[in-house]
Amino acid sequence: MAATVVVNIVVGPLVKIVLEKASNYLLDKYKVMKGMEEQHEILKRRLPAILDVIADAEQAAAHREGAAAWLQAIKKVTYQANEVFDEFKYEALRRKAKKEGHYKELGFSVVKLFPTHNRFIFRNRMGRKLRKIVRAIEVLVAEMKDFDFKHQQPLRAYNQWRQKDHDIFDPEKITSRSRAKDKKKLVDILVGQANNADLTVVPIVGMGGLGKTTLAQLVYNDTEIQKHFNLLLWVCVSDNFDVDSLAKSIVEAALEKNGAEAATSMRTKTPLDGLQNVVSGQRYLLVLDDVWTREVHKWEQLKACLERGGMGSVVLTTTRDKGVAEIVGTVEAYNLGALDGQYIKEIIETMSFSCLKKGEERPAVLMNMVDEIVERCSGSPLAAMALGSVLRNKTSEEEWKDVSSRSNICTVESGILPILKLSYNDLPPQMKQCFAFCAIFPKDYEINVDKLIQLWIAHGFIIQEKQVRLENIGKQIFNELVSRSFFQDVKQVQTTIGEIEQDGACYVRSTCKIHDLMHDVALSVMENECALATEDPGKIGYVFSTEEPSQSEWLPDTARHLFLSCKEPARKLNSSLKNSSSAIQTLLCDSFMSRSLHHLAKYSSLQALQLRLLGSFPLKPKHLHHLRYLDLSRSLIKALPEDMSILYNLQTLNLSGCVSLRELPRQMKYMAALRHLYTHGCPELKGMPRDLRKLTSLQTLTCFVAGSGSNCSNVGELGNLNLGGQLELHHLENVTEEAAKAANLVMKKEVTELTLKWTVGSDNVVDEPSSRDDAKVLEELKPHDGLHAIRIHTYGGTTFPTWTAMLQNIVVIHISHCKKLQWFFSGDINTSFAFPNLKELTLQELVCFERWWEIDNVTQGEVVMFPRLEKLRISQCEKLTALPGQPTFPNLQITRIERCPELTTRVESPKLSVLKMEGHDVQLFQWVARHMTSLTNVELHSLVDSTETTSAVAEDGLREVLDCKEKWNDHDFPLTVLVLQNFKSGITELCSCFVHLQDLSVWRCHALLHWPEKEFEGLVSLRKLVIHQCENLTGYAQASTEPSTSSEKSQLLPRLELLVIRKCESLVEVFNVPASLRVMEILYCKKLESISGRRLLQGQSASSIHQGPSSIAEVSSSPSSGVGVENLETLKLVECHSLTGVLRLPSSLKVLDIDSCSGLTSLESHSGELPSLEYLYLWSCNKLSSLLDGPRAYSYLQSLYIKNCPGIKAFPTSLQQRLGSIQEEYTDAHYYGSKHVTLTFSITSY
């Protein structure tokens, strides 16, 4: 068996960084090393000598303790030298800025705050430091000779891997085939729990690297699973099983899926309350990925909340630990076996020979060795990808044998970590350093790729090459690491409008993650150089944690890179740094900092800093000379310190989403190293500082605000800057035609997204002169033809310039609030173009927009415009009558049309799945009829129009829908979500066409008079029903002399789990609800007499069925009563004044909320108690005098809220006994003597 694989200590790149800094021309130009020339020359000789043998030393350190100790000593002194030469460089930059007048412009009040820069003092101080470093290196060079390290020729040239960016192996297709059987079994298990009232927890267990997470993803994305569950959530757990943090993560995941309901949950008192609200009544699938904890009490605490979900809810977990599976699982764990050898072989062969040219034959001698490599992977796809990436650059039999001999066979004990370490050791030195740095991030952290590359550059990990941008080299390194499987889940994230406006997020960003085993490799390299502080006090960092108040042990003196994701990060830092001598180079904090920082001088080694601030900037720029990366995004700062401009090394400054930021430092022009400036999402920013053109290294400027003052830069300052990526130009009303031309946007070939925004006055009126000026300015702001996205806001012209028609590569167009825009294209524009690559088009509040061309002609109607369009939104374009060209959009998937009463175009889009539309009934029906086979989510809002003519036309539109249904022979149309508003007729017929409907909402449809029993029988998949403001709805169509049987009732909505009825003022009775119902909410239905679902007898009212004071409105779980709500968990009644007498409740109830139901006198249950009740809220029920009593009536009660119920004179005995042990009590004091606890609590409304 091969020897244990140890990751190589990486020192070479660090030595190379120091050598480059020691050779910087600025040191000689500004004579900052005067008097230290001898030491300087010694270093410039010794460092190359070390570099000559460093590769051999790094390999020897894996099996020679002396060599490892020597390398650690080299690493330590190199870090010191790196900081010293940073100080020399900063002094050179300071002298340069002083010579250019920076000090004079800052003024004495700022200059006096600087540390002393007396040249004599500086020379003495730095001379001592440099001599100390030279002595240490001389000793190490002497020892180096004793070790007899040899010079090694690099195995590959840099360019060899650099050219392979395009060839990244994607194993997803192999994975989906290889795990098809496993996926099918799991899908069957999950769907098979549909009628299980208890929460099901299914663990997937297997060795690390077998593909547990990948299998869970395949199950999660399966079409049958997507249809079966109405809420799907995914949360990675990893080491940190903090219950509150986990609950918060689940709620945040729900927020992405259904924002409104989850947003309500975020406002609850605790994260666990929010979690309960999110899952309550929902059939959900929750994936908890990578669970480690064996702490039963934590799991039970979380599980208690998750059990509030609807029938058939499932939690799917992945874990390497069988003990964990036994604790959490409610069914037998799914043990994931090794991947079949044929698939391992396919992965290895695909990766190993990916460098061969197309048609080139794979060498037979190497193909014969594949089986041996397959054996070493033991069925692990991750091990196969790791070994395949190593072999990809090996072309001889000897090299393959060497890899095979150095790779251990995977075992349960060792896992695949030895193979992953071997894969790491095979990386070029520069890549090793870049990947090892990623140990700073928590496991499963979603890494922003651009940010990661900027951090690599900030630390000097990427070596400059002639005429190649550092960022481009960084992307090449990242792509190579992706191809070697060091990064995974790489994706382009399209930011939502809300994220852009609220968080200042970029429109498009790339993200990635690191497999947790690869993360372990990075940690093993970095040893104690990374420290992590998380929410869970028992899980602090890679090192270990301690209880408060002594927190310093999580931060050893060797730590250089810190990541804080915890409450009160300032407090943790202040206490930890008090007695620490750590030379912190990276501090990334992703939680808000509300306290001030102490020990400010201890941040003097920082090269990268990320803070979220509630107040002013807490550090002094005079202590941050080495800082190259500063991220203050989403902070609540109003301004930066003026002396921030002395950060001459700063490369990245991220201020995005700083909604209170008003100004930037006036002397930013001296920050000559600045490469990336993020200023989008800062609505209070009124201008940019003067002379921005002097920032010649600037590549990213996300938002330029054109100010009106003399101290502001004009947009013309951008002319010679080679900007790329996202660029927004705001306050264009302050820009002249000349300045717009000088901006030279047409030559900025790397700009991908351009936003042009004017600002109008409070009267929101654009006058004639400004309209002409806007048109001239826009004409001069012509971008290059390869632009990806353009957004134009509040433009005052009547048409767009000719260049807009030339954007044939454009993918996204957003036009909004252009009050005078009448048409897009003037009469002299060629109409043969079609925007062939456009995928997203948004037109919003264009009140004068009439048509697409100034002059209509025949050929325009023959053009297929936007052949690739996927998303279309048109809102408040009151004069627009038609869509351009032929009404055919072959790829359109999402359409939203609102407040466009004249838009009557009938569109054909075979892929349309989401339709949100406002219009006349006939239009809405016709849109549905044309797309019934593809629609999955529909929201229709009928415009009020009650003429006989329009009613007849609407019937014709409905007939199209019904004809389509017959044409397709009752085809199973895929629609699952349907919202109908203001319809005058046809809603029941429309609903009956869609048997897969799961979510139905009906708003203000006054033609709905009775419960549509016949149509309900067909909605066998419906889970959520909302009826709102249907004022004429009364109940069943006619009375029956015979009570309905249980079998009859079971036919209506058999899977319904959530029923909400609001403001139906004529409603007398609820339909017979099914046994599947979990949540019932009835609000503001003042005539409601029965919620039992029983038909009324002929000629009787609901109240006359039961005579005298015992008349009831009944919700019962008793089989004899024939009402099937035995699984009801939440009941909410508000202002249902006609409900009188006794309210009988099922024993399954967990939440009871009754507000202002003045006719109720008593609460009862057939079992005599409510053993599952957790939350009881009673408010302003004047006649209510009797509550349930029984030994188990309130055993699980957690929250009690009773106010303004004068009929209740005292609590029943069983409730009295629970007082004091209930978590939250808010009641009138007289109910139980002097005890009175006040709390604030939030009720979720569905």
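Residues numbered from 1 in each chain as written. Predicted model: local features only at pLDDT ≥ 70, side-chain atom pairs only at ≥ 80, totals over all residues. Heavy atoms only, no water.

The protein chain is annotated in an unreviewed UniProt entry as Disease resistance protein RGA4 of Aegilops tauschii subsp. strangulata. Per UniProt, the protein chain has the following entry under Sequence similarities (unreviewed entry): "Belongs to the disease resistance NB-LRR family." (UniProt positions renumbered as here; feature names shortened; annotations may be inferred.)

*Asks:* Whenever I open this one, the overall build of the protein chain confuses me. Can you help?
*Replies:* For the protein chain, the helix and strand inventory stands at 37 helices and 41 strands. The burial tally for the protein chain puts 57% of its 1246 residues in the buried class. Sequence separation of at least 24 residues holds for 64% of the intrachain contacts in the protein chain that already meet a minimum separation of 6. (Helix = DSSP H or I, 4+ residues; strand = E, 2+ residues; numbered from the N terminus. Buried < 20%, exposed > 50% of the residue type's maximum accessible area, 1.4 Å probe, protein only. Contact = heavy atoms within 4.5 Å.)

*Asks:* What is the right way to look at the pairing of strand 32 (residues 1058–1062) in this model?
*Replies:* Two faces, one strand: in a regular strand the side chains alternate between the faces of the sheet. With 5 of 5 residues buried, strand 32 is to be regarded as a mostly interior element. Neither face of strand 32 is left uncovered, since the one carrying Leu1058, Val1060 and Arg1062 and the one carrying Leu1059 and Ile1061 both have all their residues buried. Pairing of strand 31 (residues 1024–1028) with strand 32 involves 5 bridges; the strand directions are parallel. Bridged to Val1026 within strand 32 is Val1060. Looking at chain direction, strand 32 and strand 33 (residues 1079–1083) are connected through 5 bridges and run parallel. Residue pairing across strands places Ile1061 opposite Ile1082, the latter belonging to strand 33. (Pairing = 2+ DSSP bridges.)

*Asks:* Which parts of the structure should I look at to understand the packing of aromatic side chains?
*Replies:* For the structure on display, the rule yields 34 aromatic pairs. Ring plane angle 65 degrees and centroid distance 6.2 Å describe the contact between Trp852 and Phe866, whose orientation is recorded as edge-to-face. Taken as a pair, Trp852 in strand 24 (residues 851–853) and Phe866 in the loop between strand 24 and strand 25 (871–875) lie far apart in primary sequence, 14 residues in all. According to the relative accessible area criterion, Trp852 is buried, its value standing at 4%. (Phe/Tyr/Trp six-rings, centres within 6.5 Å; stacked < 30°, edge-to-face > 60°.)

*Asks:* Explain a nonpolar patch on the surface to me, please; I cannot follow it from the model alone.
*Replies:* On the surface, Phe592, Leu614, Leu636 and Val659 cluster together to form a nonpolar patch covering roughly 320 Å² of accessible area. By secondary structure assignment, the location of Phe592 is in strand 11 (residues 586–593). (Patch = residues over 30% accessible without salt bridge, like charges linked within 9 Å, V, L, I, M, F, W, Y side chains within 5 Å. Areas by Shrake-Rupley, 256 points an atom, 1.4 Å probe, with all protein chains shown as cover. Salt bridge = Lys/Arg side-chain N within 4 Å of Asp/Glu carboxyl O.)

*Asks:* Honestly, the sheet that holds strand 8 (residues 508–513) in this entry has me stumped. Any pointers?
*Replies:* Think of a sheet as strands paired side by side through backbone hydrogen bonds, with each pair either parallel or antiparallel. Strand order in the open sheet made by the 3 strands is 6-8-7, with antiparallel pairing throughout. Unpaired on one side and paired on the other, strand 6 (447–448) and strand 7 (488–494) mark the two borders of the sheet. Here 2 bridges tie strand 6 to strand 8, and the two strands are oriented antiparallel to one another. Paired with Ile447 across the two strands is Cys512, which belongs to strand 8.

*Asks:* Is there a simple way to explain the environment of Val995 in this structure?
*Replies:* Inspection of the secondary structure puts Val995 in the loop between helix 34 (987–991) and strand 30 (999–1003). When the C-alpha positions of Val995 and His971 are compared, they lie 9.3 Å apart, and in sequence the two are 24 residues distant. Apart from residues lying up to four places away in sequence, Val995 is in contact with Asp972, Gly1018, Val1020 and Ser1021.

*Asks:* So what exactly am I meant to see when it comes to a negative patch on the surface here?
*Replies:* Taken together, the side chains of Glu737, Glu738, Asp773 and Glu779 make up a negatively charged region of the molecular surface. Of all the elements in the fold, those that place two or more residues in the negative patch are helix 30 (737–742) and helix 31 (768–780). Within the secondary structure, Glu779 sits in helix 31. You can call Glu779 partly exposed: its relative accessible area is 37%. (Lys, Arg positive; Asp, Glu negative; His and termini not counted. Charge placed at Lys NZ, Arg CZ, Asp CG, Glu CD.)

*Asks:* Looking at this structure, how should I read the pairing of strand 12 (residues 608–613)?
*Replies:* Within strand 12, 6 of the 6 residues are buried, leaving the element largely enclosed by the surrounding structure. The alternating pattern of strand 12 places Ala608, Gln610 and Arg612 on one face and Leu609, Leu611 and Leu613 on the opposite face, and all of these are buried. Pairing analysis gives 3 bridges linking strand 12 to strand 13 (residues 629–631), with the strands arranged parallel. What sits directly across from Leu609, in strand 13, is Leu630.

*Asks:* It is not clear to me how the pattern of salt bridges should be interpreted in this structure. Could you clarify?
*Replies:* It is possible for side chains bearing opposite charge to pair when their charged atoms get close. As enumerated under the stated definition, the model contains 50 salt bridges in all. Ionic pairing is found between Asp321 and Arg294, a salt bridge with its closest N-O pair at 2.6 Å. Of this pair, Asp321 sits in the loop between strand 4 (314–319) and helix 17 (322–328) while Arg294 sits in the loop between strand 3 (284–291) and helix 16 (296–306); the two residues are 27 residues apart in sequence, bridging distant segments of the chain. Notably, a salt bridge pairs Arg851 with Glu850, separated by 3.2 Å at the nearest N-O pair. Counted as one network, the salt bridges with shared partners bring together Glu105, Lys669, Asp691, Arg693 and Glu717.

*Asks:* How should the sheet that holds strand 4 be read in this particular structure?
*Replies:* Strand order in the open sheet formed by 5 strands is 2-3-4-1-5, with parallel pairing between adjacent strands. The sheet is open, and its two edges are formed by strand 2 (231–238) and strand 5 (334–335), each paired on a single side. In the sheet, strand 1 (residues 200–205) pairs with strand 4 via 6 bridges, with the strands oriented parallel. Directly across from Val202, in strand 4, lies its bridge partner Leu316. On top of the sheet, helix 16 reaches strand 1, strand 3 and strand 4; it is set at about 165 degrees to strand 3, its chief contact. (Axes fitted to C-alpha atoms, helices over the stretch in contact; angles between N-to-C directions.)

*Asks:* Explain the environment of Trp234 here, please?
*Replies:* Along the chain, Trp234 turns up in strand 2. Residue Trp234 is classed as partly exposed on the basis of its relative accessible area, which comes to 22%. With 51 residues separating them along the chain, Trp234 and Leu285 place their C-alpha atoms 8.4 Å apart. Beyond its immediate sequence surroundings of up to four residues, Trp234 is in contact with Thr213, Ala216, Gln217, Tyr220, Ala253, Val287 and Asp289.

*Asks:* In this structure, what is going on with helix 16? I would like to understand it.
*Replies:* For an α-helix, 3.6 residues make a turn, and residues three or four places apart therefore share a direction. Listed as buried for helix 16 are Lys298, Trp299, Leu302, Lys303, Cys305 and Leu306. Down the axis of helix 16, the smallest arc covering the buried residues is 155 degrees, so these residues share one side. (Arc of directions from axis to C-beta.)

*Asks:* Can you walk me through the confidence of the model for the protein chain in this structure?
*Replies:* The predicted coordinates ought not to be read in detail in places where the model reports low pLDDT. For the protein chain, the mean per-residue pLDDT works out to 83, and 85% of the residues sit at or above 70. In the predicted structure, residues 260–267 sits below a pLDDT of 50 and forms 19 contacts with residues beyond four places in sequence or in another chain. (pLDDT = per-residue confidence, 0-100.)

*Asks:* Before we go on, may I ask you to explain helix 3 (residues 37–60) in this structure?
*Replies:* Look at helix 3: 34 Å from first C-alpha to last across 24 residues, which is about the 34 Å you get at 1.5 Å a residue. Along helix 3, the sharpest change in direction is near 50 degrees and occurs at Val53. Taken as a whole, helix 3 has its buried residues at Gln39, His40, Ile42, Leu43, Leu47, Ile50, Val53, Ile54, Asp56, Ala57, Glu58 and Ala60. Buried-residue contacts for helix 3 involve helix 1 (12–22), helix 2 (25–29), helix 4 (65–99) and helix 7 (119–147). (Expected span 1.5 Å × (residues − 1). Bend = angle between axes of the 7 residues up to and from the residue.)

*Asks:* I would appreciate a short explanation of unusual backbone geometry in the present structure.
*Replies:* Apart from glycine, the bulk of residues carry a negative phi angle, and the bulk of peptide bonds sit in the trans form. Positive phi, normally seen in glycine, also occurs at His731, with a value near 55 degrees. Structurally, the position occupied by His731 is in the loop between strand 18 (724–730) and helix 30. The buried category is assigned to His731, whose relative accessible area is 18%.

*Asks:* When you look at a positive patch on the surface in this model, what are you seeing that I'm missing?
*Replies:* Residues Lys31, Lys34, Lys98, Arg119 and Arg123 make up a contiguous surface patch of positive charge. Structurally, Lys98 is set in helix 4. Assessed through its relative accessible area of 48%, Lys98 is described here as partly exposed.

*Asks:* Whenever I open this one, the packing of helix 1 against helix 3 confuses me. Can you help?
*Replies:* Helix-helix packing is characterised by the crossing angle of the two axes and by the distance between the axes. Interaxial distance between helix 1 and helix 3 falls to 9 Å at its minimum, and their mutual angle equals 160 degrees. Classified by the angle between their axes, helix 1 and helix 3 sit roughly antiparallel to one another. Considering the relative orientation of helix 1 and helix 3, their crossing is left-handed. Of the residues in helix 3, those in contact with Gly12, Val15, Lys16, Val18, Leu19 and Ala22 of helix 1 are His40, Lys44, Leu47, Pro48, Ile50, Leu51, Ile54 and Glu58. Tallied by class, the residues present in the contact of helix 1 with helix 3 amount to 9 nonpolar, 2 polar and 3 charged. (Parallel < 35°, antiparallel > 145°, perpendicular 65-115°, else oblique. Left-handed = near helix turned anticlockwise from the far one by under 90°. Nonpolar A, V, L, I, M, F, W, Y, C, P; charged D, E, K, R; others polar.)

*Asks:* How should I be thinking about the side chain of Ser423 in this particular structure?
*Replies:* Assignment of secondary structure puts Ser423 in helix 23 (residues 417–425). Filtering out sequence-adjacent residues up to four positions away, Ser423 remains in contact with Ala386, Ser389, Val390, Arg484 and Phe486.

*Asks:* I would appreciate a short explanation of the packing of helix 3 against helix 4 in the present structure.
*Replies:* One way to put it is that helix 3 packs onto helix 4 with a least axis distance of 11 Å and a crossing angle of 145 degrees. Crossing of helix 3 over helix 4 shows left-handed handedness. Listed contacts from helix 4 to His40, Leu43, Ile50, Ile54, Ala57, Glu58 and Ala60 of helix 3 are Ala67, Trp70, Leu71, Ile74 and Phe85. Among the residues forming the contact of helix 3 with helix 4, the class breakdown is 10 nonpolar, 1 polar and 1 charged.

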